[in-house]
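# Descriptive structure summary
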Amino acid sequence: MRKGILEYCVLSIINRAEVYPTEILKELKEAKILTVEGTIYPLLTRLKNGGMLSYRWKESHSGPPRKYYTITDAGKTFLAELDLGWTELESAVNSITLKNSMIHEKSN
Amino acid sequence: MKKVISMHIGGVLFNTEDSAYTLLERYFAAVEAELIKQNDVDDTLLDIQYRVAEHLNEKRNYSLDAVILESQVLEIVEVMGAPKNFSSKAPVQEVEMATSDPEPEQRASSASAEDLKLILPGRKRLYRDTDDRIVAGVCSGLSYYLGISDPMWMRIIFVLMSIGSGGGMIALYILLWIVSPKAETEQEKMMMQSGHVEMGNVRDWIDRELTTLRNGFEGFGDNFRR
């Protein structure tokens with residue numbers, strides 16, 4: 001997977017709502033972008049250390065305490081850059097691959 | 001029939017089989033070793049442990065009386081994934097997408113020679129091996145330290161020399177007893193046996209156990225006595 005995609009997805013999820021890692025994992029798995037859970041923990045730590053995220057602890061009913069993450073202003077700025085990067089990538093790839101369907105039409 | 005260990009993660013009590021506990025210890029040791037290598041430690045290990053605690057809760061249906069089995073811990077370890085994929089410096093290409101690779105498990109478990117490098121390099125340490133002891137595990141630990149395969153030789157030497165030397169040899173034994181610590185945690189046992197906490201040790205071991213679990217082979221529990 002291309003570098004930065006997981007960060008992009010994780011920041012997007014946290015941007016929408018305050019969440020804790022298990023909820024992030026659920027969404028990533030449903031989108032089939034992650035099979036192995038352990039990966040996101042160093043990633044979240046790195047984003048937090050980079051000032052993109054902040055968190056607060058919340059006690060849980062019958063389980064261990066939970067870290068609820070929110071995105072910081074710096075994180076929002078970074079997310080906007082990632083958005084742009086993704087859009088640019090998408091249009092670059094499309095401009096090449098859309099021609100594939102044109103070839104099929106020609107050969108028909 | 002197995003012993004049960006009472007332990008907690010994040011203040012939540014869990015009862016686990018003794019071999020299940022050992023497996024968790026080894027897994028967390030491997031995770032920690034990998035995180036240290038990448039300077040990622042911080043709270044990350046704790047976060048991972050808390051996630052494992054949530055999995056454990058699910059496995060036992062939130063019932064405090066239920067004893068968590070080794071097979072259940074193996075399932076959790078598989079879901080959490082191999083520590084070598086955790087670090088921030090691992091190229092993101094290594095993250096497996098569910099749809100792209102038909103056999104992601106095989107790719108994750110075939111560790112390259114790079115992955116098996118020493119994590120905590122060092123010399124072999126003298127510990128007492130109380131899992132294999134007659135008195136205090138001194139001869140057992142000393143055998144590991146000196147690279148002798150069977151502790152029986154050390155014991156024979158000690159006994160023979162005690163007969164000749166009066167109290168001297170016994171005093172030496174007691175000295176060694178005092179000076180060498182008991183190898184209790186999995187990390188210490190690895191240091192005693194080979195001098196390093198090697199990713200390969202733990203990962204291969206987990207892989208083997210996952211394979212035998214999948215083959216439905218019941219005898220693997222015996223390997224856990226050490």
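The structure under discussion appears in the preceding block.
This section reports on the structure supplied with the text.

Our next topic: the packing of aromatic side chains. Here the structure, examined in full by the defined rule, presents eight aromatic pairs over all chains. Arranged with centres 6.1 Å apart and planes meeting at 50°, the rings of tyrosine 27 of chain B and phenylalanine 28 of chain B form a pair that is tilted. Overall, tyrosine 27 of chain B belongs to the buried group, its relative accessible area being 1%. In this structure an aromatic cluster arises from ring pairing among Tyr55, Trp57 and Tyr69 of chain A together with Tyr50 of chain B. One Lys or Arg, lysine 58 of chain A, reaches over the ring of tyrosine 68 of chain A and ends 4.8 Å from the middle of that ring. Over the ring of tyrosine 55 of chain A we find lysine 67 of chain A, and its NZ or CZ is 4.4 Å from the ring centre.

Looking now at the sheet that holds strand 1 (residues 4-9) of chain B. With mixed pairing, the three strands of this open sheet are ordered in space as 1-2-3 (chain B). Edge positions in the sheet fall to strand 1 and strand 3 (67-68) of chain B, since each of these pairs with one other strand and no more.

Attention now moves to the interface of chain B and chain A. Of the residues lining the interface, 30 residues belong to chain B; the matching set on chain A comes to 31 residues. Across the interface of chain B and chain A, roughly 2,600 Å² is buried in total on both sides, 59% from carbon and sulfur atoms. Connecting chain B to chain A are three salt bridges. Close ionic contact of glutamate 37 of chain A with arginine 51 of chain B constitutes a salt bridge, the shortest N to O distance being 2.8 Å. At the boundary of chain B with chain A, the tally comes to twelve residue pairs in polar contact (both at pLDDT 80 or more).

Residues and elements named next belong to chain B. With 15 residues, helix 6 (residues 151-165) extends 21 Å from end C-alpha to end C-alpha; this agrees with the ideal 21 Å at 1.5 Å per step. On the buried face of helix 6, the contacting elements are helix 5 (138-146) and helix 7 (168-179). A positive phi of about 70° marks glycine 166, the residue just after helix 6.

Our focus in this paragraph is empty space enclosed by the protein. Throughout the structure, instances matching the rule amount to four cavities of 30 Å³ or more. Broken down by secondary-structure element, the contributors of at least two residues to the lining of the largest cavity are helix 2 (21-30) and strand 2 (66-71) of chain A together with helix 2 (44-59) of chain B. At four residues, the largest contribution of residues to the lining of the largest cavity is made by helix 2 of chain B. Taken together, the residues of the lining of the largest cavity sort by class into six nonpolar, one polar and five charged.

With that settled, consider the nonpolar core. In this structure, Ile14 and Leu28 of chain A together with Leu56 of chain B are the most contacted members of the largest nonpolar core, which totals 48 residues. Excluding residues within four positions of it along the chain, leucine 56 of chain B makes contact with Met7, Ile9, Phe14, Leu24, Ile68, Val73 and Ile76 of chain B. Core analysis: the next-biggest nonpolar cluster, separate from the first, contains nine residues, Ala136, Cys139, Met169 and Leu176 of chain B among them.

This brings us to the side chain of asparagine 15 of chain B. Residues and elements named next belong to chain B. Within the secondary structure layout, asparagine 15 lies in strand 2 (residues 12-17). A polar contact is formed between the side chain of asparagine 15 and the backbone oxygen of leucine 64, at a distance of 3.2 Å. Among residues more than four places away in sequence, those in contact with asparagine 15 are Val4, Ile5, Ser6, Arg60, Leu64, Ala66, Val67 and Ile68.

The rules behind these values
- Residues numbered from 1 in each chain as written.
- Chains lettered and ligands numbered in written order.
- Predicted model: local features only at pLDDT ≥ 70, side-chain atom pairs only at ≥ 80, totals over all residues.
- Heavy atoms only, no water.
- Phe/Tyr/Trp six-rings, centres within 6.5 Å; stacked < 30°, edge-to-face > 60°.
- Buried < 20%, exposed > 50% of the residue type's maximum accessible area, 1.4 Å probe, protein only.
- Lys NZ or Arg CZ within 6 Å of the ring centre and 35° of its normal.
- Pairing = 2+ DSSP bridges.
- Helix = DSSP H or I, 4+ residues; strand = E, 2+ residues; numbered from the N terminus.
- Contact = heavy atoms within 4.5 Å.
- Buried area = accessible area lost by both parts, 1.4 Å probe.
- Salt bridge = Lys/Arg side-chain N within 4 Å of Asp/Glu carboxyl O.
- Polar contact = N/O pair within 3.5 Å; in protein donor to acceptor, adjacent residues only side chain to side chain.
- Expected span 1.5 Å × (residues − 1).
- 1 Å grid on protein atoms, 1.4 Å probe; cavity = no way out; pocket = protein on both sides within 12 Å on 5 of 7 lines; lining within 4 Å.
- Points joined across faces, edges and corners; volume = space filled by probe spheres on them.
- Nonpolar A, V, L, I, M, F, W, Y, C, P; charged D, E, K, R; others polar.
- Core = buried A, V, L, I, M, F, W, Y, C linked by side-chain atoms within 4.5 Å.

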